[in-house]
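Below, each chain spelled out in residue letters.
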Amino acid sequence: MATYTHALPWTNSLFQPKWGSGGSEAIAFTDPDVARVSVTARPEARRPAAYTLETPFPAWLKPTIQAFIDLLQLPQNWDGYGAVQVREQLAQQALMVLVEVMENDAPSPSVVPLSDGGVQIEWHRRGLNIEIEFPADEAPGYCYYEDDGDLESEGRVSRNYERIQAYIATLK
Amino acid sequence: MATDHFDDPNIPDEERLFRRINLAHMVDGGGGESAVSSAAFRAPELSVNLESVMRTAGRGPEDSLKDNPNDLLTSIAAGVCRRNLQIVCPDPIPKEPAHGYVFGNKSKRIQRALRDAARWVVPDAAPSWEEIRLRKAQLGITGRELGED
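Residues numbered from 1 in each chain as written. Chains lettered and ligands numbered in written order. Predicted model: local features only at pLDDT ≥ 70, side-chain atom pairs only at ≥ 80, totals over all residues.

1. Side note on the packing of helix H1 (residues 61-72) of chain A against helix H2 (residues 88-101) of chain A
Residue and element names in this part refer to chain A. Put simply, the test is: Fitting a line to C-alpha atoms yields each axis, with helices limited to the stretch in contact; the angle taken between N-to-C directions then spans 0 to 180 degrees. Here a helix means four or more residues in a row that DSSP labels H or I, a strand means two or more in a row labelled E, and each is numbered from the N terminus. Should an angle fall under 35 degrees it is called roughly parallel, over 145 degrees roughly antiparallel, and 65 to 115 degrees roughly perpendicular, with every other angle called oblique. Crossing handedness is read from the near helix: turned anticlockwise from the far helix by less than a right angle, it gives a left-handed crossing, and turned clockwise, a right-handed one. By definition, residue pairs are in contact when their C-beta atoms, positioned from the backbone, come within 7 Å. Polar here means any residue outside two lists: the nonpolar Ala, Val, Leu, Ile, Met, Phe, Trp, Tyr, Cys and Pro, and the charged Asp, Glu, Lys and Arg; Gly therefore counts as polar.
Between H1 and H2, the shortest axis-to-axis distance is 10 Å and the interhelical angle comes to 170°. In terms of axis orientation, H1 runs roughly antiparallel to H2. Of the two possible hands of crossing, H1 and H2 adopt the one that is right-handed. Counted together, Thr64, Phe68, Leu71 and Leu72 of H1 and Glu88, Ala91, Leu95 and Leu98 of H2 form the full contact between these two elements. Each residue belonging to the contact of H1 with H2 can be placed in one class, and the counts come to 6 nonpolar, 1 polar and 1 charged.

As structure tokens, then:
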């Protein structure tokens, strides 16, 4: 099993990924620069569980986690226009939503910082575009649009992810 | 940061406003192309450089990158900003006498409109995603490993 590198102290997070069910194996996220975060899969437990990952874990997960890690390492004023550092809480929120909505074979999103400390995740494939933003002081929102302009939809991210899941499914 | 915002009629609609693009805002556009994230045009007070002020000072557009040489540079016409309910105003600061603002609330639709209307200045055409990915990797700001899609 692969061992991931992980730098986020998200050990109190609860993830119940879509790809998880039944027995699972433990995955440790390690990084020489940070304290080791050991994760033991406990599907029956509500807390504590940082990541409950099972093989095969989705291909999008590793690059996406690395992207969040990279964003969290951006310094103050990373854009030279006075942007603030990305807030870990918002990165965590974004990752949790991804875990909820992404299927195993979903394409990896791009992850970009917002100047207010938030994050945005987005996909652009075959003229189809999805953006989900997690701003610092607004509710998360999403938009879906097509390059030819035929369809455009915006909304707030709520616990009902059906619409977002449907849009992401169109990207495969 | 400007405290009063007013649309300056001395800035013509055709004036180019230069906006730097940090590589963190460059994303995979699909099909081998790169794309500028709409997040690059999200700030209510969007800093730009006014071309007329730079030209008067004998400065070329690329001088907008003097303090941020790893950034890319785009331009957007002041009129496009106004048609998207934005105020265009000068805001000279000691560090950048050509500094100005594109001020206003930017919905997702407006962010995309500004992004789509922006034209490449440096480089003079949209870079490929491969070029961007390699550059990001060199600078250590990519979440995607080389050779990984």
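Here the narrative resumes, following the displayed structure.
2. Digging into the sheet that holds strand E1 (residues 16-21) of chain B
Residues and elements named next belong to chain B. Stated precisely, the cut-off is as follows: By the convention used here, strands pair only if DSSP detects at least 2 bridges between them.
Taken in spatial order, the 6 strands line up as E6-E7-E4-E1-E5-E8 in an open sheet, and their pairing is antiparallel. Each end of this open sheet is capped by a strand with a single partner; those strands are strand E6 (87-90) and strand E8 (119-122). The sheet shows a mean angle of 40° between the axes of neighbouring strands, taken without regard to direction. The sheet contact formed by strand E5 (residues 72-77) and E8 spans 3 bridges and is antiparallel.

3. Section: the nonpolar core
Quick reminder of the rule: Nonpolar cores are built from buried Ala, Val, Leu, Ile, Met, Phe, Trp, Tyr and Cys residues. These are joined into a set through C-beta atoms within 7 Å. Whether a residue is buried, exposed or partly exposed is read from the other C-beta atoms within 10 Å of its own C-beta, which are placed from the backbone; 20 or more gives buried, 12 or fewer gives exposed, and intermediate counts give partly exposed.
Within the largest apolar cluster, 68 residues are counted, with the highest numbers of intra-cluster contacts made by A:Ala91, A:Ala94, A:Val119, B:Leu17 and B:Val102. Ranked by residue count, the leading element in this core is H2(A), at 7 residues. Dropping the residues within four chain positions of it, A:Val119 is found in contact with A:Leu71, A:Val86, A:Leu90, A:Ala91, A:Ala94, A:Val111, A:Pro113, A:Leu114 and A:Phe134.

4. A look at the pairing of strand E3 (residues 128-134) of chain A
Residues and elements named next belong to chain A. Burial analysis of E3 places 6 of its 7 residues in the buried class, the great majority of the element. Sheet analysis places strand E2 (residues 119-125) next to E3, joined by 7 bridges and oriented antiparallel. Across the sheet, the residue bridging to valine 119 is phenylalanine 134, located in E3. Counting the residues that bridge the hairpin from E2 to E3 gives 2 residues, and of these arginine 126 lies at a positive phi of roughly 50°. Bridge count for E3 against strand E4 (residues 141-146) is 6 bridges, and the pairing is antiparallel. Bridging from a neighbouring strand, asparagine 129 pairs with tyrosine 145 of E4.

5. So, the sheet that holds E3(A)
Residue and element names in this part refer to chain A. Pairing within the open sheet is antiparallel, and its 5 strands lie in the order E1-E2-E3-E4-E5. At either margin of the open sheet sits one strand with a lone partner, and together these are strand E1 (110-113) and strand E5 (152-156). Neighbour-to-neighbour, the strand axes of the sheet open up by a mean angle of 15°, direction not taken into account. Together, E2 and E3 form the strand contacts of H2, whose direction differs from that of E2 by roughly 40°.

6. Points about the interface of chain B and chain A
The partner chain A presents 25 residues to the 24 residues of chain B that form the contact. Here the side of chain B that touches chain A takes 4 residues from strand E2 (residues 26-30) of chain B, the largest share from any one element. For the side of chain B that touches chain A, the class distribution of residues is 6 nonpolar, 10 polar and 8 charged.

7. Things to note about unusual backbone geometry
A cis amide bond, omega -5°, links B:Val122 with the succeeding residue B:Pro123. Structurally, B:Pro123 can be placed in the loop between E8 and helix H4 (129-139). We note that A:Arg126 has phi near 50°; this positive angle belongs to a residue other than glycine. As for its position among the elements, A:Arg126 is in the loop between E2 and E3. A count of 11 C-beta atoms within 10 Å places A:Arg126 in the exposed class. Positive phi is not limited to glycine here, since B:Leu85 has a value of about 65°. Looking at where B:Leu85 falls in the secondary structure, it is placed in the loop between helix H2 (78-83) and E6.

8. Brief notes about H1(A)
All names here are of chain A. Note the cut-off: Multiplying one less than the number of residues by 1.5 Å gives the expected span of a helix.
In this model, H1 (12 residues) spans 17 Å end to end at C-alpha, consistent with the 16 Å of a helix rising 1.5 Å per residue. Of the positions making up H1, those classed as buried are Leu61, Thr64, Ile65, Gln66, Ala67, Phe68, Asp70 and Leu71. Where H1 is buried, its residues meet H2, E1 and E2.

9. Looking at the confidence of the model for chain A
Residues and elements named next belong to chain A. Cut-off, in case you're wondering: As a per-residue measure, pLDDT tells how confident the predictor is, with possible values from 0 to 100.
Taken residue by residue, chain A gives an average pLDDT of 77. The fraction at 70 or more is 68%. In the model, residues 1-16 has pLDDT below 50 throughout and makes 42 contacts with residues more than four positions away in sequence or in other chains. Predicted confidence for residues 20-49 stays below pLDDT 50, and this span has 55 contacts to residues more than four positions away or in other chains.

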